[in-house]
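The residues making up each chain are set out below.
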Amino acid sequence: MARARTVARPTIPAPEKTSIVLVVNGAERPLKVAPWTTLLDALRDYLDLTGTKKGCDHGQCGACTVLVDGRRINSCLTLAVTKDGAHVTTIEGLAKDGTLHPLQQAFIDHDAFQCGYCTPGQICSAVGLIAEGKAKTVDEIRELMSGNICRCGAYPNIVAAIEQAMGQS
Amino acid sequence: MINFEYARASDVADAVRQIAGDPGAKFIAGGTNLIDLMKEDVERPSRLIDISRLPLNKVEETADGGVRIGALVPNSDLAYHPLIEQRYPMLGSAILAGASQQLRNMASTGGNLLQRTRCYYFYDTATPCNKREPGSGCSAINGLNRMHAILGTSEACIATHPSDMCVALAALDAKVQVIGPAGERTISFADFHRLPWDTPQRDTNLEPNELITAVELPAQGFRTNYTYLKIRDRLSYAFALVSVAAALELEGARIKEARVALGGVAHKPWRDALAEGALRGQEANPANFRRAAHMLLRDAKGFAHNTFKIDLARRAIVRALTQAARGTPQSQSNKKIR
Ligand SMILES: Cc1cc2nc3c(=O)[nH]c(=O)nc-3n(C[C@H](O)[C@H](O)[C@H](O)COP(=O)(O)OP(=O)(O)OC[C@H]3O[C@@H](n4cnc5c(N)ncnc54)[C@H](O)[C@@H]3O)c2cc1C
Ligand code: SF4
Ligand code: FES
Ligand code: FES
């Protein structure tokens, strides 16, 4: 039967924080982070960019999706120190001069959310999907968006929104 | 996650030097498996050596007509690389059957080989697990074992290797190039991953102080008659219950060369020389495919919740060989199995 186990841990004193620079939504943001600070926590807790959401914290839901150097990734499984110098785009960086990004507009047009918790991740993921240029059919959109779970089940409208934005790009 | 130190490797030699100098250290590439396991307190490295910026990111042709894949090539780039799409489509298909595009953008070729089992007990530090803590026992043998192995198990561990990419690499007879303090060596794919035996804490024959530098594919890519068929609990973004990489070289209706590798059923991608040999020289027909499937599963042994895998694997093999023979590989976006 299962029993609680205590495992001896090595005690390592907290190392010095490392100075890094992230270029977030076009602006250079110098930061001091511990080695274990994830990119997700750095964005939310250090830079107050709380648009990027923490769902599972284990790569299983896609709520934390951001673009690093133009590619969509899970920020919860990324250590901030490893991305020193990288360009990061979050949901806050998509609108330009007060005009929504075509995907943001498409999500509104198609009512592609209910609670909205997965939406920043969905939209950043869809920006990555369109940039990759691999999805041509609805099946391919669905498959290549499967890393973004929607607890409210807004999937049909999410796919419709992405189709609309793809048609415009 | 415990506290740990972080250092970046400046080149391959530096990476090897750093890992040799610190037995508690681990390499980090994409981090998609390591960070996950560190958050669960399953992996507790004292130091992470970041290899993600090393120049091991090329896919290039080799002198003998094969292809050499750098250990840091992201899974997504590899799947869509022209050399892979054109010459090794089974590999691209297997990669695209795994994880999500975000994860594939992060995951590296070397890291994919070394990803650890998804056995629930391995992840749960409150339960005994011989792989996580040698000698503590195996919670899965008499516990929940629906996802567990049916071939090559031991009394110490019945975990499976979760990779899709590795199943295709096994079928393709890939080789793994590694470097350590003693120099470089090449490990054939069949010898890379291990069966659990009484040392389930060791997933592979890579030494802890060795770095994977590349994976090499031989010239034969089976570009015409292949498939990667993955059966899972939901249609996407789930690990395989059973998967089959099947590749044939046909001469008319006859099989000249056959490869069948299974995922989700053992501690390593499962191949069977006898079953493949029995297909060679035979006609590509359902009766011969069924015979090969039975041969592949002849030593299979189920546990309380996973005996269904034995039949599932047999049927998946027959279906995969049929898809390969017809030249109609499984689509990874339209999930209908034909
Ligand atoms: C939610 C989720 C779903 C997934 N679904 C699937 C799936 O369906 N199919 C599938 O196949 N996979 C799946 N994966 C697993 C994923 O493919 C692996 O996590 C990934 O391939 C690991 O690569 P990485 O570069 O991120 O490895 P890391 O996490 O960086 O490293 C893994 C291990 O390898 C070591 N290492 C890395 N590179 C080297 C090297 N060059 N030399 C020596 N040691 C090295 C590290 O020290 C570490 O121990 C999934 C993962 C997640 C989180
Ligand atoms: S099957 Fe292997 S990994 Fe799972 S509990 Fe048993 S020893 Fe641990
Ligand atoms: S929070 Fe990162 S994938 Fe769920
Ligand atoms: S809108 Fe609620 S989780 Fe997607």
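Remember, it's a predicted structure, so these values are computed and weren't measured experimentally. Within any chain, residue numbers begin from 1 and follow the written order of that chain's sequence. Key to labels: chains lettered from A, ligands numbered from 1, both in the order written. The predicted origin of the model limits local features to residues at a pLDDT of at least 70 and limits the giving and counting of side-chain atom pairs to 80 or more, whereas totals for whole chains, interfaces and linings rest on all residues. Each side-chain value is worked out from all heavy atoms of the structure, with water and hydrogens disregarded.

### Section: the sheet that holds strand E6 (residues 175–180) of chain B
Neighbouring strands of a sheet are bound in pairs by backbone hydrogen bonds; such pairs are parallel or else antiparallel. All names here are of chain B. For clarity, the threshold we go by: Whether two strands pair comes down to DSSP finding at least two bridges between them. In this description a helix means any DSSP run of H or I spanning at least four residues, a strand means any run of E spanning at least two, and both kinds are numbered starting from the N terminus. To get an axis, a line is fitted to the C-alpha atoms, and for a helix only the part in contact is used. The angle between two axes follows their N-to-C directions and goes from 0 to 180 degrees.
Across the sheet, which stays open at both edges, the 5 strands sit in the order E4-E5-E8-E6-E7 with antiparallel pairing between neighbours. Each of the sheet's edge strands pairs with one partner strand only, and the pair in question is strand E4 (59–61) and strand E7 (183–188). Sheet twist, expressed as the mean angle between neighbouring strand axes with direction ignored, is 25°. Looking at chain direction, E6 and strand E8 (residues 211–217) are connected through 5 bridges and run antiparallel. Paired with Val178 across the strands is Ile212, a residue of E8.

### Section: the interface of chain A and chain B
As a reminder, the rule being used: The contact rule is simple, with two residues in contact once any of their heavy atoms fall within 4.5 Å. Here the buried area means the combined drop in accessible surface, using a 1.4 Å probe, for two parts upon being joined, counting both sides. Think of a salt bridge as a Lys or Arg side-chain nitrogen and an Asp or Glu carboxyl oxygen that are within 4 Å of each other. By the criterion applied in these results, polar contacts are pairs of N or O atoms within 3.5 Å in which, for protein atoms, one can donate a hydrogen and the other can accept it, and in which residues neighboring in sequence qualify only through two side-chain atoms. Charged residues are taken to be Asp, Glu, Lys and Arg, nonpolar residues to be Ala, Val, Leu, Ile, Met, Phe, Trp, Tyr, Cys and Pro, and polar residues to be all remaining types, Gly included.
Residue-level contacts link 45 residues of chain A with 47 residues of chain B. Both sides of the chain A and chain B interface together cover about 3800 Å² of buried area, and 53% of this is carbon and sulfur. Taking the shortest distance from any N to any O, the salt bridge between Glu143 of chain A and Lys335 of chain B comes out at 2.6 Å. The tally of links between chain A and chain B comes to 18 residue pairs in polar contact (both at pLDDT 80 or more). The class makeup of the residues in the side of chain A that touches chain B is 19 nonpolar, 13 polar and 13 charged.

### Digging into the pattern of salt bridges
For the record, the criterion: The buried label applies to any residue whose accessible area, calculated with a 1.4 Å probe on protein chains only, is under 20% of its type's maximum; exposed applies above 50%, and partly exposed to all values in between.
Using the criterion set out here, one finds 29 salt bridges over all chains in the structure. The salt bridge involving Asp41 of chain A is made with Lys54 of chain A; its shortest N-O contact spans 3.0 Å. Separated by 13 residues along the polypeptide, Asp41 of chain A in helix H1 (residues 39–46) and Lys54 of chain A in the loop between H1 and strand E3 (65–68) bring together distant segments of the chain. Overall, Lys54 of chain A belongs to the partly exposed group, its relative accessible area being 31%. When the shortest N-O distance is used, the salt bridge between Arg68 of chain B and Glu60 of chain B registers 3.9 Å. A relative accessible area of 34% means that Glu60 of chain B is categorised as partly exposed. Counted as one network, the salt bridges with shared partners bring together Asp173, Glu257, Arg259, Arg271, Glu276 and Arg280 of chain B.

### Quick word on the site of ligand 1
Applied cut-off: Nearness is judged by heavy atoms alone; a residue qualifies as near a molecule or strand once a single heavy atom is within 4 Å of it. Computed by Shrake-Rupley with a 1.4 Å probe, the accessible areas treat only the displayed protein chains as cover when residues are assessed.
Every one of the 34 residues lining ligand 1 counts as a neighbour, but Phe27, Gly31, Thr32, Ser108 and Asp164 of chain B are closest to it. In this structure, ligand 1 is bordered by residues of chains A and B. Here an oxygen atom of ligand 1 and a backbone polar atom of Phe27 of chain B are 2.5 Å apart. Coverage of ligand 1 by the protein chains reaches 96% of its 990 Å² of free accessible surface. The residue inventory of the shell around ligand 1, partitioned by class, reads 15 nonpolar, 14 polar and 5 charged.

### Describing the packing of aromatic side chains
What counts is decided by this rule: Centres within 6.5 Å are what make two rings of Phe, Tyr or Trp a pair, Trp counting through its six-membered ring; a difference in plane orientation under 30 degrees is then read as stacked, over 60 as edge-to-face, and the rest as tilted.
This model, assessed by the stated rule, comprises 4 aromatic pairs over all chains. Seen in terms of ring centroids, Trp36 of chain A and Phe4 of chain B are 5.9 Å apart; in terms of plane orientation they differ by 65°. Their pairing is edge-to-face. With one member in each of two chains, Trp36 of chain A in the loop between strand E2 (27–33) and H1 and Phe4 of chain B in the segment before strand E1 (5–8) form a pair that bridges those chains. Residue Phe4 of chain B is classed as buried on the basis of its relative accessible area of 0%. Measuring from centroid to centroid gives 6.4 Å for Phe189 of chain B and Phe192 of chain B, while their planes differ by 25°, and the two rings are stacked. Of this pair, Phe189 of chain B and Phe192 of chain B both sit in helix H10 (residues 189–192), 3 residues apart, which is roughly one turn of that helix.

### A few points about the environment of Asn306 of chain B
Residues and elements named next belong to chain B. Looking at where Asn306 falls in the secondary structure, it is placed in the loop between helix H12 (286–296) and helix H13 (308–326). Its relative accessible area of 0% is what places Asn306 among the buried residues. A sequence separation of 162 residues divides Asn306 from Leu144, and the C-alpha atoms of the two residues are 9.1 Å apart. There is a polar contact of 3.0 Å between the side chain of Asn306 and the backbone oxygen of His148.

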